[in-house]
Amino acid sequence: MTEKPMLILIAGPYRSGTDGDPQAMAANLARLEEAAWPVFAAGHVPMIGEWVALPVLRSAGANLTDPLADQVLYPTADRLLAHCDAVLRLPGDSTGADQDVAIARRRGLPVYHHVDQIPHRTPQETA
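Our subject in this report is the structure included herewith. (Residues numbered from 1 in each chain as written. Predicted model: local features only at pLDDT ≥ 70, side-chain atom pairs only at ≥ 80, totals over all residues. Heavy atoms only, no water.)

1. Considering unusual backbone geometry
Heads up, the rule is: Every helix listed is a DSSP run of H or I at least four residues long, and every strand listed is a run of E at least two residues long, numbered separately from the N terminus.
Residues other than glycine seldom take positive phi values, yet Asp19 does so here, at roughly 50°. With respect to the secondary-structure elements, Asp19 resides in the loop between β1 (7-11) and α1 (22-34).

Dropping the structure here:
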């Protein structure tokens, strides 16, 4: 049990295995987002790197096929992990998610592989 809500990065396949197919990437993002509610319901704040990286990429006038994508997607996750308290690694091959796990472990952050492993928050009573 924990009193403080954790910021938990949800990591899993996004571009991996899609051959650049936008529908396949959208389906992967939807799978990542399916984990957001259980993280939130446990009393924490879910975060998905693409929620930050995709608007950054668009604001630079680029898309996922642009060479700039690799300079935005992976660094965004690295920067987010400086603020995150844990990672939830979802199943599936993903170079980016594997990098997220490696960074989290180097930083001493817990890595969960199922939402049931995430401790439920015990909120403090307010006076």
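2. Focus on the pattern of salt bridges
The condition is simple: Here a salt bridge means any side-chain nitrogen of Lys or Arg lying within 4 Å of a carboxyl oxygen belonging to Asp or Glu. Only protein chains enter the area calculation, which uses a 1.4 Å probe; residues under 20% of their type maximum are buried, those over 50% are exposed, and those in between are partly exposed.
Considering all chains together, one arrives at 4 salt bridges under this definition. Residue Asp78 is joined to Arg107 by a salt bridge in which the shortest nitrogen-to-oxygen separation is 3.0 Å. Of this pair, Asp78 sits in helix α4 (residues 68-81) while Arg107 is found in the loop between α5 (95-106) and β4 (111-112), placing the two residues 29 residues apart along the sequence. Relative accessible area serves as the criterion here: at 40%, Arg107 is assigned to the partly exposed category. Arg89 serves as the salt-bridge partner of Asp98, at 2.7 Å between the closest nitrogen and oxygen.

3. Re the layout of surface pockets
The condition that has to hold: The method works on a 1 Å grid over the protein atoms by themselves. A cavity is a set of points holding a 1.4 Å probe that cannot get out, a pocket is an open set with protein on both sides within 12 Å along at least five of seven lines, and residues with an atom within 4 Å of a point line them. Grid points are joined across faces, edges and corners, and a volume is the space filled by probe spheres set on the points.
The volume enclosed by the largest pocket comes to roughly 270 Å³. When contributions to the lining of the largest pocket are tallied by element, the ones reaching two or more residues are β1, α3 (49-59), α4 and α5.

4. Examining the nonpolar core
What counts here: Among buried residues, the Ala, Val, Leu, Ile, Met, Phe, Trp, Tyr and Cys ones that are joined through side-chain atoms within 4.5 Å form a nonpolar core. Should any heavy atoms of two residues lie within 4.5 Å, those residues are counted as being in contact.
With 23 residues, the main nonpolar core has Ile8, Ile10, Leu88 and Ile118 as its most contacted residues. At the level of elements, β1, α1, α2 (36-41), α3, α4 and β3 (86-89) are the ones that each hand at least two residues to this core. Setting aside residues up to four positions removed in sequence, Ile10 forms contacts with Leu32, Ala35, Ala36, Val39, Pro46, Met47, Ile48, Leu88 and Leu90. Formed by 13 residues, the second largest nonpolar core is a distinct cluster that contains Met47, Cys84, Val87 and Ala104.

5. Quick notes on the pairing of β3
To keep things clear, this is the line we draw: Strands pair, by our definition, only if DSSP identifies at least two bridges between them. A clockwise path from the first strand over the helix to the second, with the strands pointing away from the viewer, defines a right-handed crossover.
Here β3 shows no split at all, with Ala86 and Leu88 on one side and Val87 and Arg89 on the other all buried. Pairing geometry for β1 and β3, over 4 bridges, is parallel. Pairing of Ala11 across the sheet is with Arg89, part of β3. Where β3 and β4 come together, 2 bridges link them in parallel fashion. Paired with Val87 across the two strands is Val111, which belongs to β4. In the classification by handedness, the crossover that spans β3, the intervening α5 and the parallel β4 is right-handed.

6. Some details on the pairing of β1
The buried fraction of β1 is high, at 4 of 5 residues. Two strands pair when backbone bridges link them, and β1 and strand β2 (residues 45-47) are joined in this way by 3 bridges, in the parallel orientation. The partner of Ile8 across the bridge, within β2, is Pro46.

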